[in-house]
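Breakdown of the fold
Next come the chains, spelled out residue by residue.
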Amino acid sequence: MTKRSVFKVLSLVVATLILAASGAYAMSPKPTWPEQHTIDYNHVMRDGLGGWNILQDDYRKFNALDGFSLEWDYYSFHDDDGKFTGVVGIVVADPEGKLGGNETFSALNLMPSGVNFALYGQFPGKEPVAIYTPLGLGHEVGVNERSLYAEGEDGVFIEEIPVPGENGEPDVMIIRGNNGAYAWDFSVNQGFTDYAPLKPETWVVGNDTDALLPDEHWTVNMLWPTTEVHGSITDLSTGETTEINGHGYRENSFGRWAFVLGGWDFAFMSDPDTHVQWAFQTYHFNTENLDYVDVDFLDNGNPVVQRFHAEDGELGWVHGDWQWDAEARQYLPTDLTVVGKNDQYTVEAYVNIGSNYAPMLSDVTFIVETYCIFAQMPWITGVVKRTETGEVVATFEGQGGGEFSVMRSFCANEPSLDVKKNIFTSTFSHPMPE
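Source: prediction; values computed, not measured.

With that out of the way, let us pick up the overall build of the chain. Scanning the chain from N- to C-terminus turns up five helices and 26 strands. In the chain, which comprises 434 residues, the share counted as buried stands at 54%. Long-range pairs, those at least 24 residues apart, make up 61% of the contacts in the chain between residues at least 6 apart in sequence. By element, 54% of the accessible surface of the chain is carried by carbon and sulfur atoms, the whole surface being about 19500 Å².

Take the pairing of strand β3 (residues 114-122) next. It is a general feature of regular strands that their side chains alternate between the two faces of the sheet. Counting buried residues along β3, nine of its nine residues qualify, which places the element largely inside the surrounding structure. Pairing of strand β2 (residues 85-93) with β3 involves nine bridges; the strand directions are antiparallel. The residue of β3 that forms the bridge with Val91 is Asn116. Counting the residues in the hairpin turn of β3 and strand β4 (residues 129-136) gives six residues, including Gly125, whose phi is positive at 80 degrees.

Assignment of secondary structure puts Ser405 in strand β26 (residues 392-407). Residue Ser405 is classed as buried on the basis of its relative accessible area, which comes to 0%. Engagement of the side chain of Ser405 in a polar contact is seen with the side chain of Tyr371, the distance being 3.1 Å. Beyond its immediate sequence surroundings of up to four residues, Ser405 is in contact with Gly262, Gly263, Trp264, His284, Tyr371, Cys372 and Ile373.

All right, on to the pattern of salt bridges then. In this structure the tally under the stated criterion is eleven salt bridges. A salt bridge links Glu96 to Arg60; the shortest N-O distance between them is 3.2 Å. With Glu96 in the loop between β2 and β3 and Arg60 in helix α3 (residues 57-60), the pair connects residues that are 36 residues apart, well separated along the chain. Classification of Glu96 by relative accessible area gives partly exposed; the value is 39%. Measuring nitrogen to oxygen at the nearest pair gives 3.1 Å for the salt bridge that ties Arg146 to Glu71. Here the residue Arg146 occupies a position in the loop between β5 (140-141) and β6 (148-151), and Glu71 occupies one in strand β1 (residues 69-79), the gap between them amounting to 75 residues.

Along the chain, the position of Asn342 falls in the loop between β21 (335-341) and β22 (345-352). Separated by 2.7 Å, the side chains of Asn342 and Gln306 make a polar contact. When neighbours within four sequence positions are excluded, Asn342 is seen to be in contact with Gln306, Phe308, Glu314 and Thr387.

Time to look at unusual backbone geometry. One non-glycine residue, Asp154, lies in the positive phi region at around 55 degrees. By the secondary structure assignment, Asp154 is in the loop between β6 and β7 (157-163). Take Asp154: its relative accessible area is 76%, and that puts it in the exposed class.

So, on to the pairing of β7. Among the seven residues in β7, five count as buried, and that is most of the element. Bridge count for β6 against β7 is four bridges, and the pairing is antiparallel. The residue of β7 that forms the bridge with Tyr149 is Glu159. Between β6 and the antiparallel strand that follows it, β7, lie five residues; Asp154 among them carries a positive phi value of about 55 degrees. Relative to strand β8 (residues 172-178), β7 is paired through seven bridges, and the arrangement is antiparallel. Among the inter-strand pairings, Glu160 is bridged to a residue of β8, identified as Ile175.

Attention now moves to the environment of Val220. With respect to the secondary-structure elements, Val220 resides in strand β11 (residues 217-221). Expressed as a C-alpha distance, the spacing of Val220 and Gly206, which sit 14 residues apart in the sequence, is 8.6 Å. Among all residues touching Val220, those that are not within four sequence positions of it are Thr202, Trp203, Val204, Glu251, Asn252, Ser253, Gln281, Tyr283, Leu290 and Tyr292.

This part takes up the confidence of the model for the chain. Here the chain averages 85 in pLDDT, and 86% of its residues register 70 or above. Contacts of residues 2-27 to residues separated by more than four positions or lying in other chains number three contacts, the stretch itself having pLDDT below 50.

Mapped onto the elements, Ser69 comes out in strand β1. Placed 147 residues apart in sequence, Ser69 and Glu216 show a C-alpha to C-alpha distance of 9.4 Å. Aside from chain neighbours lying at most four places away, what touches Ser69 is Ile54, Tyr59, Val92, Ala93, Asp94, Pro95, Gly255 and Arg256.

Evaluation of the coordinates by the stated rule reveals 22 aromatic pairs. Relative to Tyr182, the ring of Phe123 lies with its centre 6.1 Å away and its plane at 20 degrees, an arrangement referred to as stacked. Here Tyr182 lies in strand β9 (residues 182-190) and Phe123 lies in the loop between β3 and β4, a separation of 59 residues in the sequence. Pair check on accessibility: Phe123 and Tyr182 agree, each one buried. Ring geometry for Tyr357 against Phe374: centres 5.9 Å apart, planes inclined by 75 degrees, an arrangement best described as edge-to-face. Of this pair, Tyr357 sits in strand β23 (residues 357-360) while Phe374 sits in strand β24 (residues 371-376), and the two are 17 residues apart along the sequence. Side by side, Tyr357 and Phe374 carry an identical accessibility label, which is buried. Through pairs of rings, three or more aromatic residues link up here, namely Trp72, Trp218, Trp264 and Tyr371.

Our next topic: the environment of Arg408. Looking at the element boundaries, Arg408 is found in the loop between β26 and α5 (417-427). Using a relative accessible area of 11% as the deciding quantity, one classes Arg408 as buried. Beyond its immediate stretch of four places on either side in the chain, Arg408 contacts Glu327, Ala328, Arg329, Gln330, Leu361, Glu369, Thr370, Tyr371 and Cys372. There is a polar contact of 3.0 Å between the side chain of Arg408 and the backbone oxygen of Ala328.

Rules used in this analysis
Residues numbered from 1 in each chain as written. Predicted model: local features only at pLDDT ≥ 70, side-chain atom pairs only at ≥ 80, totals over all residues. Heavy atoms only, no water. Helix = DSSP H or I, 4+ residues; strand = E, 2+ residues; numbered from the N terminus. Buried < 20%, exposed > 50% of the residue type's maximum accessible area, 1.4 Å probe, protein only. Contact = heavy atoms within 4.5 Å. Areas by Shrake-Rupley, 256 points an atom, 1.4 Å probe, with all protein chains shown as cover. Pairing = 2+ DSSP bridges. Polar contact = N/O pair within 3.5 Å; in protein donor to acceptor, adjacent residues only side chain to side chain. Salt bridge = Lys/Arg side-chain N within 4 Å of Asp/Glu carboxyl O. pLDDT = per-residue confidence, 0-100. Phe/Tyr/Trp six-rings, centres within 6.5 Å; stacked < 30°, edge-to-face > 60°.

Listed below in structure tokens is the structure:
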């Protein structure tokens, strides 16, 4: 074979490979970053027992926003007899101390590096409680399983233990803790498991700063919208122990996220009697891709899963009333109306917060001191209807939970009514779907 023939053959091979590659590329375009994020973390996000996401390899590679790495595991508890409703939240922030832990550059920390946890809730006839406890770096946090143990002084600790189910039994998370004022021990597993096979994914990925901080992102994963809860909580000041048997909610959310630029507004509930679970999320700054409602219900006995996105014109919400909280130096909503609508179903929900809230406040860092989370224990009612006919498909009612977070005001006194009317009633809302 001549050199020219060899060259022609090689040229043909190369051209064929280029065409094949270009054809394959055309058939399989490069995933968007949210799609790739889902591919990378599917194995961790799906079952709720996988390791802490922000300790996976991608988060250990250098990034300018490493100090903003943040993840929470959030558990709510509602006793069936109304003896207690509340939340235990575990937060792991800047887990490898890339902002220098609690000392170096502490002014830049969104919150103290390492393990933090919070308890908030309400016993009947008592004032709501909200206690935030930072424990810092150097604790046991699971890379391959959702486990955690962190200990402070005077018996203060938080512990999370995964227990995989065997022989058809459900996976269980054990949550134990002591913050000096209360001690608790809960067993939590997913409820309404007849819905689980219908959910291809329970998470949504987005960001809220676009070009300002392009690597910023946040994953909201409402992975167990309904849980079964058994255990107890003890008031250490009186020694009184309250047994808890009921239901709740579990969320695992994470990312590199500058939450102080905005904040969040969310509510959730499930009705064991009618088998409806409803959960609403919205983020304040520029996050239409993270503004949505998930609703699961029975339609003539058949489980249905619906997600309504604000960016698709399917979701609207409004807070009808606000009040000033002098301790938190900020307005907070006392109610919320949420409407989701597509061509099949319309879901309307009313969230009655009233005085069932407690401000989560801390001065542990400068940024934490300028921020407020209003922990809420609302009563939620709602209805699911067919959009075309208005026929009622399902109703729901019961104890729920939620939060509203925002920067605190720098003014000690309540601003004028115009500020409330023009900023709060217009900013923290979205037009109702047509």
